[in-house]
Protein chains: 4
Amino acid sequence: MVSVAIVGASGYTGGELTRLLLNHPEVEIEDISSRQFEETPIHKVHPHIRGTDLVFKNKKPSELDADIIFTATPHGASMKIIPDLLEIGAKVIDLSGDYRFNDIEVYEKWYGLKHTSDIKGVYGLPEIHREEIKNANLIANPGCFVTGAILSGYPLSKAAIVDRMIFDSKTGVSGAGVNPSSSTHYPNIGDNVNPYKVTSHRHTPEIQQELGLFSDVKVSFTPHLVPVIRGILTTNHSFLIEGSEDISSGELLDIYKKTYEGEPFIQILEDGEIPRLSSIRGSNYAQIGCFEIDETGRLVVISAIDNLVKGASGQAIHNMNIICGFDEKTGLNFFGMHP
Amino acid sequence: MVSVAIVGASGYTGGELTRLLLNHPEVEIEDISSRQFEETPIHKVHPHIRGTDLVFKNKKPSELDADIIFTATPHGASMKIIPDLLEIGAKVIDLSGDYRFNDIEVYEKWYGLKHTSDIKGVYGLPEIHREEIKNANLIANPGCFVTGAILSGYPLSKAAIVDRMIFDSKTGVSGAGVNPSSSTHYPNIGDNVNPYKVTSHRHTPEIQQELGLFSDVKVSFTPHLVPVIRGILTTNHSFLIEGSEDISSGELLDIYKKTYEGEPFIQILEDGEIPRLSSIRGSNYAQIGCFEIDETGRLVVISAIDNLVKGASGQAIHNMNIICGFDEKTGLNFFGMHP
Amino acid sequence: MVSVAIVGASGYTGGELTRLLLNHPEVEIEDISSRQFEETPIHKVHPHIRGTDLVFKNKKPSELDADIIFTATPHGASMKIIPDLLEIGAKVIDLSGDYRFNDIEVYEKWYGLKHTSDIKGVYGLPEIHREEIKNANLIANPGCFVTGAILSGYPLSKAAIVDRMIFDSKTGVSGAGVNPSSSTHYPNIGDNVNPYKVTSHRHTPEIQQELGLFSDVKVSFTPHLVPVIRGILTTNHSFLIEGSEDISSGELLDIYKKTYEGEPFIQILEDGEIPRLSSIRGSNYAQIGCFEIDETGRLVVISAIDNLVKGASGQAIHNMNIICGFDEKTGLNFFGMHP
Amino acid sequence: MVSVAIVGASGYTGGELTRLLLNHPEVEIEDISSRQFEETPIHKVHPHIRGTDLVFKNKKPSELDADIIFTATPHGASMKIIPDLLEIGAKVIDLSGDYRFNDIEVYEKWYGLKHTSDIKGVYGLPEIHREEIKNANLIANPGCFVTGAILSGYPLSKAAIVDRMIFDSKTGVSGAGVNPSSSTHYPNIGDNVNPYKVTSHRHTPEIQQELGLFSDVKVSFTPHLVPVIRGILTTNHSFLIEGSEDISSGELLDIYKKTYEGEPFIQILEDGEIPRLSSIRGSNYAQIGCFEIDETGRLVVISAIDNLVKGASGQAIHNMNIICGFDEKTGLNFFGMHP
């Protein structure tokens with residue numbers, strides 16, 4: 001049994017963490033915190049979580065007492081409290097972008113913030129960094145788009161058979177967070193498709209960092225907001241390098257199967273099945289499929305994840321399970337909701 | 001540990017039963033059956049349920065061997081197999097309308113079918129019939145609209161303070177089942193609201209039967225299809241009888257709280273909170289709230305359920321839990337998904 | 001040819017007025033005004049209106065020079081400028097609630113505002129008040145819910161055959177206006193149904209005022225927000241008075257046909273057709289249908305309108321056409337968009 | 001005044017043609033035909049088109065008498081009737097794929113049909129083929145995806161500055177036509193994103209044919225179904241050839257502006273505006289914008305069209321206007337509907 005606290009629990013990822021952890025058999029939620037909702041019972045903020053005795057508190061880092069602390073705080077806010085949380089001996093799983101970059105300059109350029117902490121986190125994508133995660137004190141939980149993109153491209157980069165990947169991602173609106181804005185106003189996004197930050201989204205360098213670990217691949221990324229609540233569907237258009245043009249769909253499938261062998265949350269689709277959001281809605285599974293090559297030599301791989309689960313809170317719990325030595329599926333062993 | 005079989009597992013309620021029962025700690029799924037998909041692995045039909053070894057079979061009733069058999073078969077089909085299923089000693093939970101009516105003539109009139117079986121089922125709404133359910137061999141699981149309507153009106157009927165209830169219900173499209181039709185075609189129901197069977201839906205007599213058990217109340221019901229996947233929001237417009245006009249919202253709240261005291265899946269809202277589908281999406285909870293009375297003496301109570309869970313498969317599992325003597329929340333002890 | 005100005009043209013009704021008036025053959029748009037967007041070209045605010053030379057101005061009432069001025073300003077703001085607009089000799093069509101009430105006290109009670117003007121407007125529902133509209137200087141354009149409700153109930157009240165009407169309305173989110181809020185945030189209303197102001201919406205007394213002109217009928221109203229962009233579907237549950245219980249659906253249909261005979265924008269449905277939003281999306285038509293009576297004596301009439309057209313801007317243009325002596329369908333003579 | 005007939009008027013493109021032509025001041029609709037709905041009044045099939053005296057007929061080609069005949073018939077059906085329609089002296093605008101290909105073998109390969117007619121049509125994309133359209137007897141109206149893709153890529157191909165374009169398209173469900181199927185069933189596509197025919201959609205060779213007219217460019221195309229009723233948003237990822245890498249966004253914008261100078265239905269966006277479906281919903285406008293180049297040298301251009309208007313029926317009317325010598329905007333001179 002481990003005790004956990006969730007800092008910044010009033011947003012969507014904080015709510016999802018709370019909901020999932022309430023069903024985790026090895027976890028006791030000690031604290032949920034929110035500056036805005038101090039002393040508010042949780043169901044007033046998350047009306048689907050009702051009948052618990054959870055109440056938001058606004059504790060200082062030094063007042064928290066938990067084995068694992070999740071920081072679902074905004075970029076910039078996380079780095080202000082994480083040093084203190086590590087100080088009290090907690091292991092920290094951070095859902096912001098603050099500790100995701102190996103190169104601080106990249107962070108500062110893309111986030112427009114001065115980084116104030118020289119602590120290093122472990123990049124919390126279990127499919128790539130499982131061994132480092134086991135002993136980490138600070139996990140930098142990956143970005144939602146990044147998770148979908150990397151999972152679709154990692155086997156290709158590892159096999160060093162492509163030199164360029166274009167990630168065309170379609171995301172549900174919950175990825176924009178809990179705060180209303182013009183772009184999330186129902187009449188503006190209902191029945192609509194809105195590309196944004198077409199060549200300038202800050203998840204781009206994060207994808208580049210991780211896929212560049214394995215081979216020299218150029219990464220492009222464009223997100224589109226679609227009238228969906230949850231989920232990210234990523235269409236990865238890749239180009240085979242000289243010498244690999246003759247690879248077949250079947251061989252690609254084998255590469256993916258082998259790369260992800262034994263992974264508890266990866267589902268490789270075959271027999272013509274294509275990933276879709278409805279197949280993983282609400283679950284921690286990532287579906288990866290397609291592996292088709294067209295007449296021009298373009299290779300397409302498609303991934304589907306739930307942005308709030310595999311793309312955020314579920315992956316954070318997966319990381320916790322690894323750190324704590326639990327079976328990796330503990331508390332996450334359920335299928336998505338369809339229809 | 002009980003063994004279960006699901007007959008008619010390829011539809012939405014069958015899929016939902018399977019998904020939920022796979023996470024039920026006291027259940028072993030022995031068989032899922034489908035005539036149409038015989039020998040097909042489950043993920044080809046329910047692409048969210050993947051990695052199990054479940055394969056659809058097309059067994060005869062006499063070939064099934066399970067403690068509990070769920071029949072998620074169409075109206076008319078259930079009564080053809082249920083006598084045989086009872087014969088082999090199974091307890092049966094039927095999700096069709098075949099055994100819901102105390103008066104066979106009402107069934108035959110509204111369903112346009114000749115009833116071929118004189119077996120009686122127990123009406124499986126635990127909040128009203130828990131004691132009978134405990135010893136039942138055959139449960140007639142309530143209709144989805146009926147569940148939402150009854151839960152909103154039962155305390156009023158029991159208190160005998162209203163003489164008329166109008167249920168104006170808004171349902172998600174999954175209630176129409178898995179088969180495509182013009183009315184479920186996305187361009188026809190997206191961005192639309194479609195009333196149907198405005199005064200002739202066959203859930204009307206079922207609501208009337210159950211609410212009429214407690215007092216003399218006239219029931220009207222009109223369903224509307226809305227661009228939602230799951231969920232039924234029922235607005236119950238009721239009229240207080242002479243002698244009860246002076247009841248207050250607070251007194252009504254007390255009646256509801258008292259009537260549903262200890263019920264594991266009923267959430268009574270207060271402090272101005274209003275039920276909404278997002279608060280119970282994917283869960284077995286029913287939310288009931290509002291209790292306001294306007295200047296004309298109209299009383300409004302609102303309920304929200306997930307039509308596939310509390311309105312069908314979750315309620316069926318709740319009934320199973322009662323029959324088997326399990327804790328009633330076993331396998332259903334999770335909150336809904338918001339956002 | 002008449003010259004028009006639109007005050008408050010940056011919101012949804014202002015944008016819709018502009019879009020429709022640009023296609024009106026007898027109209028020249030002189031001015032569109034907005035305090036917030038002064039000097040901004042229209043396509044920056046309404047990205048679908050592009051290639052015109054319209055630019056928002058922020059003129060004082062006395063600086064405007066137009067035959068007809070539409071005030072698409074908020075409640076409370078309209079009454080501050082309308083006296084001055086009338087002063088300069090313009091005819092004013094106001095889309096706010098400020099001049100809709102015959103009894104100022106009702107307005108002040110429901111809107112929580114002190115009324116500062118003793119000018120009287122003509123209630124701009126052409127199907128009831130056409131003759132007064134012809135010579136009006138100030139039109140109080142009806143509320144969106146009110147339009148759908150009245151049109152469904154007016155023939156019943158006029159025939160004095162019912163004593164109570166319950167309007168259960170389902171509205172698209174554009175009715176909430178252009179400003180984002182928690183209730184219009186896509187993840188909160190997508191896949192959801194949200195009742196609000198269940199017994200306290202300020203359109204209630206407006207419905208009561210108009211339907212009460214013809215007979216003594218008690219009016220109840222409850223709105224529900226549904227995941228739809230445009231449109232209001234109103235389900236009118238009415239109760240026949242003693243002496244009228246034996247009326248048939250056919251006779252009701254005749255009453256509606258006769259009441260609305262010659263009305264250019266009313267479509268009475270028969271032969272089992274039921275109004276739906278998709279049939280009038282983007283048009284000024286109102287569909288009215290159903291006329292069914294159930295076994296308890298409840299009568300159901302259903303209406304469908306586009307809240308931004310028949311429920312606001314289209315109706316305002318209809319009023320202008322009447323005032324100016326144009327053919328009533330001028331500029332509004334097009335069908336809705338389906339799918 | 002020209003007389004027109006619409007063959008196959010019961011589908012979505014046929015309905016949209018009818019709706020738009022009813023408002024075309026130079027057109028008289030002589031006939032709407034449908035085998036399935038012979039003798040049915042139009043509002044029974046298109047419930048938004050009401051109050052006309054249009055009734056579906058099932059005439060043989062030789063019985064039709066019209067100046068212009070639109071064939072909104074399925075692939076394969078068009079080529080069976082068009083020779084006869086030309087025989088009676090009508091000009092034909094065909095909305096199927098039957099006459100779109102210069103090379104019959106390409107058609108036969110991708111459509112899996114034997115072509116039975118050696119008549120040649122003119123490819124009806126006015127922005128490229130206006131001069132040929134003027135004198136054509138048979139117009140092959142472009143495919144919906146093709147229209148959005150070509151418009152985004154034509155200036156690049158004409159300028160011969162890219163060697164590869166990847167079109168990642170997101171389409172509304174009306175593109176799938178009026179017939180329900182599992183993929184258009186609301187619970188399956190609501191809240192979902194579904195890629196399909198990822199590398200094998202038959203609009204691919206059509207895009208290749210037209211863009212290949214101007215330079216040597218390799219074309220890839222992948223469509224995605226999104227929960228939208230109307231509209232296609234195409235993200236064109238292109239790669240600049242050697243010698244053109246240094247082109248700037250501003251220069252690209254100039255190329256687009258110059259290429260489309262004077263085009264009545266092309267809107268080139270600048271100042272950071274990005275095309276979105278809501279800006280052109282229901283209109284014949286195409287929006288084109290973005291022109292950004294990322295650090296890897298990928299260039300992104302985005303287009304948005306209404307698949308039923310600019311992508312089908314509106315474009316067909318535009319072609320008719322050119323053939324008949326009308327002002328090109330006649331009957332199409334209206335803005336889209338937002339919200």
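All figures in this text were calculated on a predicted structure; none of them were measured in a lab.

Calculation rules
Residues numbered from 1 in each chain as written. Chains lettered and ligands numbered in written order. Predicted model: local features only at pLDDT ≥ 70, side-chain atom pairs only at ≥ 80, totals over all residues. Heavy atoms only, no water. Helix = DSSP H or I, 4+ residues; strand = E, 2+ residues; numbered from the N terminus. Buried < 20%, exposed > 50% of the residue type's maximum accessible area, 1.4 Å probe, protein only. Contact = heavy atoms within 4.5 Å. Least-squares fit on C-alpha atoms with pLDDT ≥ 70 in both. UniProt positions renumbered as here; feature names shortened; annotations may be inferred. 1 Å grid on protein atoms, 1.4 Å probe; cavity = no way out; pocket = protein on both sides within 12 Å on 5 of 7 lines; lining within 4 Å. Points joined across faces, edges and corners; volume = space filled by probe spheres on them. Nonpolar A, V, L, I, M, F, W, Y, C, P; charged D, E, K, R; others polar. Axes fitted to C-alpha atoms, helices over the stretch in contact; angles between N-to-C directions. Parallel < 35°, antiparallel > 145°, perpendicular 65-115°, else oblique. Left-handed = near helix turned anticlockwise from the far one by under 90°. Buried area = accessible area lost by both parts, 1.4 Å probe. Salt bridge = Lys/Arg side-chain N within 4 Å of Asp/Glu carboxyl O. Polar contact = N/O pair within 3.5 Å; in protein donor to acceptor, adjacent residues only side chain to side chain. Arc of directions from axis to C-beta. Domains from an automatic or database assignment. Pairing = 2+ DSSP bridges. Right-handed = clockwise from strand over helix to strand, strands pointing away.

1. Considerations on the side chain of glutamine 315 of chain D
All names here are of chain D.
Alright, step 1. Its location among the elements puts glutamine 315 in helix H10 (residues 309-324).
Alright, step 2. Classification of glutamine 315 as buried rests on a relative accessible area of 0%.
Alright, step 3. Excluding its chain neighbours within four sequence positions, the residues that come into contact with glutamine 315 are Gly124, Leu125, Pro126, Glu127, Asn141, Pro142, Thr147, Asn284, Val309 and Lys310.

2. Structural notes on the relation of the copies chain B and chain C
Alright, step 1. With an RMSD of 0.0 Å, the fit of chain B onto chain C corresponds to turning through 180° and sliding 0.0 Å along the axis. Considering both components of the superposition, the chain copies are consistent with a two-fold axis. Minimal C-alpha separation from the rotation axis in chain B is found for proline 227 of chain B, amounting to 3.2 Å.
Alright, step 2. The residues that chain B uses at the interface reappear at the interface of chain C in 100% of cases, marking a shared surface.

3. A word on the UniProt feature "active site" (unreviewed entry) in chain A
Residue and element names in this part refer to chain A.
Alright, step 1. The UniProt feature table records "active site" (unreviewed entry) at Cys144.
Alright, step 2. Secondary-structure assignment places cysteine 144 in helix H5 (residues 144-159).
Alright, step 3. Residue classification places cysteine 144 among the buried positions, given a relative accessible area of 16%.
Alright, step 4. For cysteine 144, the residues in contact, after removing those within four places along its chain, are His203, Ile232, Ile305, Asn307 and Gly311.

4. Describing the side chain of arginine 281 of chain A
Alright, step 1. Mapped onto the secondary structure, arginine 281 of chain A falls in the loop between strand E12 (266-268) and strand E13 (286-293).
Alright, step 2. On the basis of relative accessibility, which here comes to 5%, the residue arginine 281 of chain A falls in the buried class.
Alright, step 3. The contact partners of arginine 281 of chain A, leaving out residues within four places of it in the chain, are Asp306, Gly336, Met337, His338 and Pro339 of chain A, Ile229 and Met337 of chain B together with Gly190 and Asp191 of chain D.

5. Brief notes about empty space enclosed by the protein
Alright, step 1. Tallied over the entire structure, the rule returns five cavities of 30 Å³ or more.
Alright, step 2. Considered as a void within the structure, the largest cavity measures approximately 210 Å³ in volume.
Alright, step 3. As for the largest cavity, its lining consists of 20 residues, of which Tyr186 of chain A, Tyr186 of chain B, Tyr186 of chain C together with Tyr186 and Pro227 of chain D are closest to the centre.
Alright, step 4. Classifying every residue of the lining of the largest cavity by side-chain character gives twelve nonpolar, four polar and four charged.

6. Remarks on the packing of helix H1 (residues 12-21) of chain D against H10 of chain D
All names here are of chain D.
Alright, step 1. Packing of H1 against H10 leaves a shortest axis separation of 9 Å and a crossing angle of 45°. One element, H1, and the other, H10, form an angle in the oblique class. Every pair of crossing elements has a handedness; the one defined by H1 and H10 is right-handed. Every residue of H10 that contacts H1 at Thr13, Glu16, Leu17, Leu20 and Leu21 is listed here: Val309, Ala312, Ser313, Gly314, Ala316, Ile317 and Met320.

7. Here we look at the environment of histidine 48 of chain B
Alright, step 1. Position of histidine 48 of chain B among the secondary structure elements: in the loop between helix H2 (42-45) and strand E3 (56-57).
Alright, step 2. For histidine 48 of chain B, a relative accessible area of 1% translates into the label buried.
Alright, step 3. Sequence separation of histidine 48 of chain B and threonine 184 of chain B is 136 residues, and the distance between their C-alpha atoms is 21 Å.
Alright, step 4. Sequence-distant contacts of histidine 48 of chain B, defined by excluding residues within four places in its chain, comprise Ser278, Ser279, Phe335, Gly336, Met337 and His338 of chain A together with Arg19 of chain B.

8. Thoughts on the environment of valine 226 of chain B
Alright, step 1. Counting through the fold element by element, valine 226 of chain B comes out in the loop between strand E10 (218-225) and strand E11 (232-240).
Alright, step 2. Counting along the chain gives 57 residues from valine 226 of chain B to serine 169 of chain B, while the straight-line C-alpha distance between them is 9.8 Å.
Alright, step 3. Once residues lying within four places of it in the same chain are set aside, the contact partners of valine 226 of chain B are Lys170, Thr171, Gly172, Val173, Ile189, Asn192 and Val193 of chain B together with Val193 and Val226 of chain C.

9. Describing the interface of chain B and chain C
Alright, step 1. Between chain B and chain C, the contact holds 48 residues from the first and 48 residues from the second.
Alright, step 2. When chain B packs against chain C, the two sides together hide about 3800 Å² of surface, and 55% of this comes from carbon and sulfur.
Alright, step 3. Looking only at chain B, the three residues that lose the most surface to chain C are Asp191, Thr199 and Thr296 of chain B, adding up to 16% of its buried area.
Alright, step 4. Counting across the chain B and chain C interface gives six salt bridges.
Alright, step 5. For lysine 109 of chain C, the salt bridge goes to glutamate 295 of chain B, with nearest N and O atoms at 3.2 Å.
Alright, step 6. One can count 34 residue pairs in polar contact (both at pLDDT 80 or more) joining chain B with chain C.
Alright, step 7. Elements represented by at least two residues in the side of chain B that touches chain C include exactly helix H4 (104-111), strand E8 (162-171), helix H7 (186-189), strand E9 (194-195), E10, E11, strand E13 (286-293) and strand E14 (298-305) of chain B.
Alright, step 8. The element contributing the most residues to the side of chain B that touches chain C is E10 of chain B, with six residues.

10. Things to note about helix H9 (residues 249-259) of chain D
Count 3.6 residues to each turn of an α-helix, and residues three or four apart come out pointing the same way.
All names here are of chain D.
Alright, step 1. Every buried residue of H9 is listed here: Leu252, Leu253, Tyr256 and Thr259. Angular distribution of buried residues about the axis of H9 spans 135°; they occupy a single face of the element.
Alright, step 2. The secondary structure elements touched by the buried residues of H9 are helix H6 (144-159), strand E12 (266-268), strand E13 (286-293) and strand E14 (298-305).

11. Looking at the domain arrangement of chain A
All names here are of chain A.
Alright, step 1. Taken as a whole, chain A is organised into domain 1 (2-120) and domain 2 (145-307).
Alright, step 2. On the side of domain 2, twelve residues touch domain 1, which itself brings 13 residues to the contact.
Alright, step 3. For the pairing of domain 1 and domain 2, the buried interface totals around 1100 Å² over both sides, and the portion due to carbon and sulfur atoms is 55%.
Alright, step 4. Among the residues domain 1 hides against domain 2, the three largest losses belong to Tyr12, Arg100 and Trp110. Together they make up 50% of the total.
Alright, step 5. Across the domain 1-domain 2 interface, the total number found is two salt bridges.
Alright, step 6. Between arginine 230 and glutamate 16 there is a salt bridge, with the nearest N and O atoms lying 2.9 Å from each other.
Alright, step 7. Taken together, domain 1 and domain 2 are joined by five residue pairs in polar contact (both at pLDDT 80 or more).
Alright, step 8. Considering only residue class, the side of domain 1 that touches domain 2 consists of five nonpolar, four polar and four charged.

12. A short note on the pairing of strand E1 (residues 2-7) of chain C
Residue and element names in this part refer to chain C.
Alright, step 1. Across the six residues that make up E1, a large majority, six, are buried.
Alright, step 2. Taking every second residue as pointing to the same face, both faces of E1 are buried, with Val2, Val4 and Ile6 on one and Ser3, Ala5 and Val7 on the other.
Alright, step 3. The pairing of E1 with strand E2 (residues 27-33) spans six bridges and is parallel. Counterpart to alanine 5 in the pairing with E2 is aspartate 31.
Alright, step 4. In this fold, E1 hands off to helix H1 (residues 12-22), which returns the chain to E2; that crossover is right-handed.
Alright, step 5. Two elements, E1 and strand E4 (residues 68-71), share four bridges in a ladder whose sense is parallel. In the strand pairing of E4, isoleucine 6 is matched with phenylalanine 70.

13. A closer look at the pattern of salt bridges
Where charged atoms from two side chains of opposite charge approach closely, those side chains can pair.
Alright, step 1. A complete count under the given rule lists 76 salt bridges over all chains for this structure.
Alright, step 2. In this structure, the salt-bridge partner of aspartate 168 of chain A is lysine 170 of chain D, at a minimum N-O distance of 3.0 Å. Of the two residues, aspartate 168 of chain A sits in strand E8 (residues 162-171) while lysine 170 of chain D sits in strand E8 (residues 162-171), which places them in two different chains. For the pair aspartate 168 of chain A and lysine 170 of chain D, a shared accessibility class is recorded, and that class is buried.
Alright, step 3. Via salt bridges that share partners, Glu16, Arg19, Arg230 and Asp306 of chain A belong to a single interconnected network.

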